[in-house]
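Overview (structure and organization)
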Amino acid sequence: MTPIPPGSTIGILGGGQLGRMLALAAAPLGYRVHVFAPEVELVAADVAAAVTRADYADRAALAAFAAAVDVVTCEFENVPSDALSFLESLKPVRPGPTAFDVAQDRLAEKRFVGGLGGRTAPWHVVDGPADLEAGLARLGTPAILKTRRFGYDGKGQARIEDAAGGQDALRALGGRDLILEGLVRFEAEFSILVARGPDGREVHYPACLNHHSGGILASTEVPAAQLDTAHVVAATDLVVRIADALGYVGLLACEFFACADGPVFNEMAPRVHNSGHWTIEGAETSQFQQHVRAICGLPLGPVGLMAPAVRLDNLLGEDVARWPDLLADPGARLHLYGKSEAAPGRKMGHVTRLLR
Ligand code: AMP
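Criteria and cut-off values
- Residues numbered from 1 in each chain as written.
- Predicted model: local features only at pLDDT ≥ 70, side-chain atom pairs only at ≥ 80, totals over all residues.
- Heavy atoms only, no water.
- Helix = DSSP H or I, 4+ residues; strand = E, 2+ residues; numbered from the N terminus.
- Buried < 20%, exposed > 50% of the residue type's maximum accessible area, 1.4 Å probe, protein only.
- Contact = heavy atoms within 4.5 Å.
- Polar contact = N/O pair within 3.5 Å; in protein donor to acceptor, adjacent residues only side chain to side chain.
- Pairing = 2+ DSSP bridges.
- Axes fitted to C-alpha atoms, helices over the stretch in contact; angles between N-to-C directions.
- Phe/Tyr/Trp six-rings, centres within 6.5 Å; stacked < 30°, edge-to-face > 60°.
- Core = buried A, V, L, I, M, F, W, Y, C linked by side-chain atoms within 4.5 Å.
- Near = heavy atom within 4 Å.
- Areas by Shrake-Rupley, 256 points an atom, 1.4 Å probe, with all protein chains shown as cover.
- Nonpolar A, V, L, I, M, F, W, Y, C, P; charged D, E, K, R; others polar.
- Salt bridge = Lys/Arg side-chain N within 4 Å of Asp/Glu carboxyl O.

Take the environment of R311 next. Here R311 is to be found in strand 15 (residues 309-316). According to the relative accessible area criterion, R311 is partly exposed, its value standing at 28%. Placed 42 residues apart in sequence, R311 and R353 show a C-alpha to C-alpha distance of 5.2 Å. Once residues within four sequence positions are removed from consideration, R311 is found in contact with S219, T220, E221, V351, T352, R353 and L355. In this structure the side chain of R311 is engaged in a polar contact, spanning 3.0 Å, whose partner is the side chain of D313.

What follows is the structure in structure tokens.
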């Protein structure tokens with residue numbers, strides 16, 4: 001397969017911090033980046049060669065964007081699938097629309113992963129009060145009711161402590177197109193990041209041990225010493241099977257619950273992932289450059305650690321005000337995303353520490 005050579009332009013749908021870090025990783029390899037997104041504030045556009053500010057339904061804008069780029073990729077997973085299919089008729093879209101169809105719908109995702117032999121939380125489709133009652137009777141409480149689509153960072157979900165609280169959660173989440181999940185009693189949470197090229201070659205990073213606060217990633221540690229090695233191998237095998245089954249090209253992140261009897265798949269992100277930000281300084285090849293290599297058909301890079309251990313801390317909301325102290329700390333590698341509003345829980349930046 002002919003590579004998309006340095007000097008080409010990578011089109012990125014989405015304009016957030018992931019696009020910003022992708023653009024910063026593409027530059028040393030000689031690629032330019034063109035960002036397409038509708039929002040007014042586009043922190044990726046600050047470091048991009050070109051930007052199109054338009055709606056994902058704007059066919060004329062999408063066609064002009066496709067004409068200006070050599071390959072299209074996404075930095076968030078909720079890109080409308082119509083836009084992806086349209087772009088795919090004009091330029092390579094990597095990863096392709098199928099990965100998004102699966103990842104955008106928690107039900108499709110669970111069925112798909114279950115079909116590949118992966119274990120998920122027990123689930124029940126909920127489209128109204130009777131479904132919820134049947135689901136709670138089958139899965140018990142506590143349970144978690146989630147929207148099938150458009151959930152992220154713990155948004156679009158509600159924990160149900162007892163059957164009496166169920167109907168309030170149902171109303172709060174819109175009453176239909178929901179999925180009820182049994183509560184997984186996990187010991188830890190981790191993610192596996194795999195990169196796959198157009199020729200099917202794959203590399204994977206060491207498992208990332210993740211700590212969440214209020215459904216949002218707070219910190220990641222590597223290596224994940226407390227995880228059972230056999231469970232990490234099983235999870236990595238599953239992610240490779242997922243990537244192969246999707247004909248996936250690019251970096252794929254999957255989140256897991258570590259349980260005493262093995263890993264439980266939680267969800268996938270068809271893109272670079274917050275739990276991989278430590279790879280910028282902490283791995284031989286960052287997840288961002290790895291994604292660029294994969295989608296351009298270049299050789300994939302080595303994934304070894306640059307230190308015995310690496311720690312990533314997110315700067316959420318007002319945490320960003322700590323930047324002067326973090327800059328004064330010689331062990332802290334600070335990344336700020338250039339966002340104007342430090343809303344509570346908003347990802348404003350991160351700090352990586354290489355530990356001896
Ligand atoms: P999600 O948006 O599905 O990744 O959920 C956000 C966080 O909620 C996860 O990282 C877990 O900490 C928790 N969570 C989600 N689903 C479950 C579940 N079925 N059982 C236990 N905890 C869950």
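The strand order across the open sheet formed by 4 strands is 5-8-6-7, and the pairing between neighbours is antiparallel. Looking at strand neighbours, the two that pair on one side only are strand 5 (123-126) and strand 7 (157-160), the edges of this open sheet. Within the sheet, the average angular offset between the axes of one strand and its neighbour, ignoring direction, is 25°. Against the sheet, helix 5 (residues 106-115) contacts strand 5, strand 6 (143-147), strand 7 and strand 8 (178-182), and its axis sits at roughly 50° relative to strand 8. Of the strands in this sheet, strand 5, strand 6, strand 7 and strand 8 touch helix 6 (residues 129-139), which is tilted by about 170° from strand 5.

Time to look at the sheet that holds strand 3 (residues 50-53). Read across the sheet, 4 strands follow the order 3-2-1-4 without closing on themselves; strand pairing throughout is parallel. Edge positions in the sheet fall to strand 3 and strand 4 (71-74), since each has one partner strand and no second. Neighbour-to-neighbour, the strand axes of the sheet open up by a mean angle of 20°, direction not taken into account. On the sheet, helix 2 (residues 59-68) packs against strand 1 (9-13), strand 2 (32-37), strand 3 and strand 4 and is oriented at approximately 170° with respect to strand 2.

Time to look at the packing of aromatic side chains. Under the counting rule described, the total for this entry stands at 7 aromatic pairs. Following the ring pairs from residue to residue traces out a cluster consisting of F36, Y56, F65 and F76.

A general feature of soluble globular proteins is that nonpolar side chains tend to end up buried together. Counting 47 residues, the largest nonpolar core has L13, I192, L227, I242, F256 and M268 as the members making the most contacts within it. In this view, M268 contacts V102, A103, E109, F112, V113, I242, L246, L252, A253 and C254; residues no more than four positions away in its chain are not counted. Counting residues in each nonpolar core, the second largest holds 38 residues, with Y31, V33, L251 and F288 among its members.

Our focus in this paragraph is the site of the ligand. Around the ligand, a shell composed of 15 residues is seen, among which K146, E181, V184, E189 and E267 lie nearest. One of the side-chain nitrogen or oxygen atoms of K146 is found 2.7 Å away from an oxygen atom of the ligand. Here E189 contributes a side-chain N or O atom positioned 2.6 Å from an oxygen atom of the ligand. Here the ligand has 470 Å² of accessible area as a free molecule, and 91% of this is covered by the chains. Of the residues belonging to the shell around the ligand, the class tally is 6 nonpolar, 4 polar and 5 charged.

The next subject is the pattern of salt bridges. What the rule picks out here adds up to 15 salt bridges. Between R159 and E161 there is a salt bridge, with its nearest N and O atoms 2.7 Å apart. Taking the relative accessible area as the measure of exposure, R159 reaches 47% and is therefore partly exposed. Using a relative accessible area of 47% as the deciding quantity, one classes E161 as partly exposed. Between R311 and D313 there is a salt bridge, with the nearest N and O atoms lying 3.0 Å from each other. Within this structure, K110, K146 and E181 form a network of salt bridges that share partners.

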